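Residue strings, one per chain:
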Amino acid sequence: MAEGQNEAIRPGHLWLEGKTLVHLREDQQRPTHMPRGPAKRTGPGFLNPAMAPARTRSLMLLADALEHHWLVKPGHDLRALDALCATGVRVRRWRNELPEAVQPRLRIAANDLDEFALNWLKRSHEDFPPRISVDHALEDDRYERPPQGEMKNGIFMMQNDARIAFMEAAYQWIDLDPFGSPVNFLDAAIQGLARVGFLEVTATDTAALTGSSASSQQRRYGAKGIVDTYAHDDAVRVLLGLVATTAARHDRVIEPVLALFDGHHVRVSVKVVRSKERASKVMERMGWRIREPEGRYHFVQHPTPEEVERGSGPLWVGPLWNNDIAGRMTEERALELCSPTEQELAEAAQLGLEWDQDDQEYAQREIRRSVRHIASAADLMSRDHLLLHIDDVPNMAGVPHAPKMEALFSAIQETGYCAARIPDIDPFFVTDAPMETVLDCMRSLVQPG
Ligand SMILES: C[S@@+](CC[C@H](N)C(=O)[O-])C[C@H]1O[C@@H](n2cnc3c(N)ncnc32)[C@H](O)[C@@H]1O
């Protein structure tokens, strides 16, 4: 890295994301505690605070993989790469906030093409080193030619095109978080994974994924959309469909663990397993969402030309989450991992952090919000379900307004079915009850007008 760069990044101020101190550029305003949407400014060194919840979920999933052994066997190391790490807040949070007991098994690599961003990471990681020191050796025996980079406080930092970085080791965990669409990187990312791996993909090109930009959707995702109530769910399924079919081309099959539309981006987290046999059946999990009158829909595998007219697809029609893993993503667990203790706050204050009681309360609220509704919806999101926007249902049921969501869930549960709210800005819920049962429940709660 260039001499003198570190001097250039000295000015600025401190912010706390999770338990990790983040040095913000002087010209980046102090973030609000409930940021939404894309960052107001971008460019090297700018932190997008709206992505904090995605980073929180990422570290919760990584902790879960190491503690519950669903990716590598007990005692084995896990190689994780953030391929487009920018200033490295994600990798620093992995190193700072994952439980001490699993840290020695975690080998972290961070890569970005941008030198300024990498210098920022290096400097922040030096100034605010992780609480425990983990300096794993590079696995020299894995490489004919060891990758170029620098090991600092348990993070190996590289400056490569991401497509080269993927090939440096058989990573078990790859994070792919580009600006815009991930399509250019997907093939290489999947090829870079170990036989059993985990891939997290962010896409901010939501206009293309939802179909509000029809030509981009056709070009990038080979899909057609309808921008209605189901556009967010479709966007998630279109991205999963692309990841699944790309994986299949490389003899691999995906098992979704978590997949969310989070305001201005879509993020899917999938286990990727090498299996020619299962990869050959990928098209069984692909299909179309066909709209029916009165806001209803169903999935089909092979739509007729008439159904294509009122359909969106092709998209993933398989399960969206893993029940066990997503079921453990509770608000309590998020706070346990990511909320600083009094002592940690006092140490941060000594390093210059200005953080009062209100900041701490807002930050805790934000950590909770990162996983709100996930654990309670995990079961239904992992199997076939009906997705509904609460405000669409009164019309279908012929009643003037919706009841409280909790009241509707209780009524549905009394009939022996399940119902749960899902994490979306809008009030969506999922249920395994037939539509007629949902409508009857609504009629039992709200008198016709
Ligand atoms: C959205 S940012 C990543 C944010 C980061 N993952 C986080 O959580 O803070 C995208 C990054 O990709 C980097 N980038 C763009 N094209 C690249 C390429 N071909 N190879 C490696 N990095 C690239 C940019 O320099 C930028 O830092």
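Note: the structure precedes this text.
Residues numbered from 1 in each chain as written. Predicted model: local features only at pLDDT ≥ 70, side-chain atom pairs only at ≥ 80, totals over all residues. Heavy atoms only, no water.

1. A look at the side chain of Asp233
Tracing the chain through its elements places Asp233 in helix H9 (residues 231-249). In this structure the side chain of Asp233 is engaged in a polar contact, spanning 2.5 Å, whose partner is the side chain of Arg289. Leaving out residues up to four positions away in the same chain, Asp233 has contacts with Arg289, Leu320 and Leu387. (Helix = DSSP H or I, 4+ residues; strand = E, 2+ residues; numbered from the N terminus. Polar contact = N/O pair within 3.5 Å; in protein donor to acceptor, adjacent residues only side chain to side chain. Contact = heavy atoms within 4.5 Å.)

2. Quick look at the sheet that holds strand S12 (residues 297-300)
Taken in spatial order, the 3 strands line up as S12-S11-S13 in an open sheet, and their pairing is antiparallel. The open sheet has two edge strands with one neighbour each: S12 and strand S13 (311-316). Averaged over neighbouring strand pairs, the angle between their axes works out to 25° when direction is ignored. As defined by bridge partners, strand S11 (residues 286-291) adjoins S12 across 4 bridges and the pair is classed as antiparallel. Counted as the bridge partner of Trp288 is Val300 from S12. (Pairing = 2+ DSSP bridges. Axes fitted to C-alpha atoms, helices over the stretch in contact; angles between N-to-C directions.)

3. What to know about the nonpolar core
Counting residues in hydrophobic clusters, the biggest one holds 121 residues, and the most contacted among them are Trp94, Phe166, Trp173, Leu199, Trp321 and Phe429. The greatest single-element share of this core, amounting to 10 residues, is contributed by H9. Residue assignment places this core across two domains, with domain 1 (5-324) and domain 2 (385-445) each supplying three or more. Beyond its immediate sequence surroundings of up to four residues, Trp321 is in contact with Pro256, Val257, Leu258, Ala259, Leu260, Ala326, Ile374, Ala377, Ala378, Met381, Ser382 and Pro423. Among the nonpolar cores identified, the runner-up in size contains 14 residues, and Val22, Phe128, Leu353 and Ala363 belong to it. (Core = buried A, V, L, I, M, F, W, Y, C linked by side-chain atoms within 4.5 Å. Buried < 20%, exposed > 50% of the residue type's maximum accessible area, 1.4 Å probe, protein only. Domains from an automatic or database assignment.)

4. Some details on the pairing of strand S1 (residues 13-17)
Summarising burial for S1: 4 of the 5 residues are buried, a large majority. Bridge count for S1 against strand S2 (residues 20-24) is 5 bridges, and the pairing is antiparallel. Looking at the pairing, Leu14 lines up with His23 of S2. Where S1 folds back on S2, the antiparallel hairpin that results is connected by 2 residues, among which Gly18 adopts a positive phi of roughly 60°.

5. Let's talk about helix H2 (residues 52-68)
The end-to-end C-alpha separation of H2 is 24 Å, in line with the 24 Å expected for 17 residues at 1.5 Å each. Counted residue by residue, H2 has 15 buried out of 17 residues, so it is predominantly covered. Within two residues after H2, His69 carries a phi angle of roughly 55°, on the positive side. (Expected span 1.5 Å × (residues − 1).)

6. Examining the site of the ligand
In the vicinity of the ligand, 18 residues are found, and the nearest of them are Arg55, Leu84, Asp112, Ala162 and Asp177. A distance of 3.2 Å is found between an oxygen atom of the ligand and a side-chain nitrogen or oxygen belonging to Arg90. Asp161 is positioned such that a nitrogen or oxygen atom in its side chain is 3.3 Å from a nitrogen atom of the ligand. Considering the ligand on its own, with 610 Å² of exposed area, one finds that the protein chains cover 83% of that surface. Taken together, the residues of the shell around the ligand sort by class into 8 nonpolar, 2 polar and 8 charged. (Near = heavy atom within 4 Å. Areas by Shrake-Rupley, 256 points an atom, 1.4 Å probe, with all protein chains shown as cover. Nonpolar A, V, L, I, M, F, W, Y, C, P; charged D, E, K, R; others polar.)

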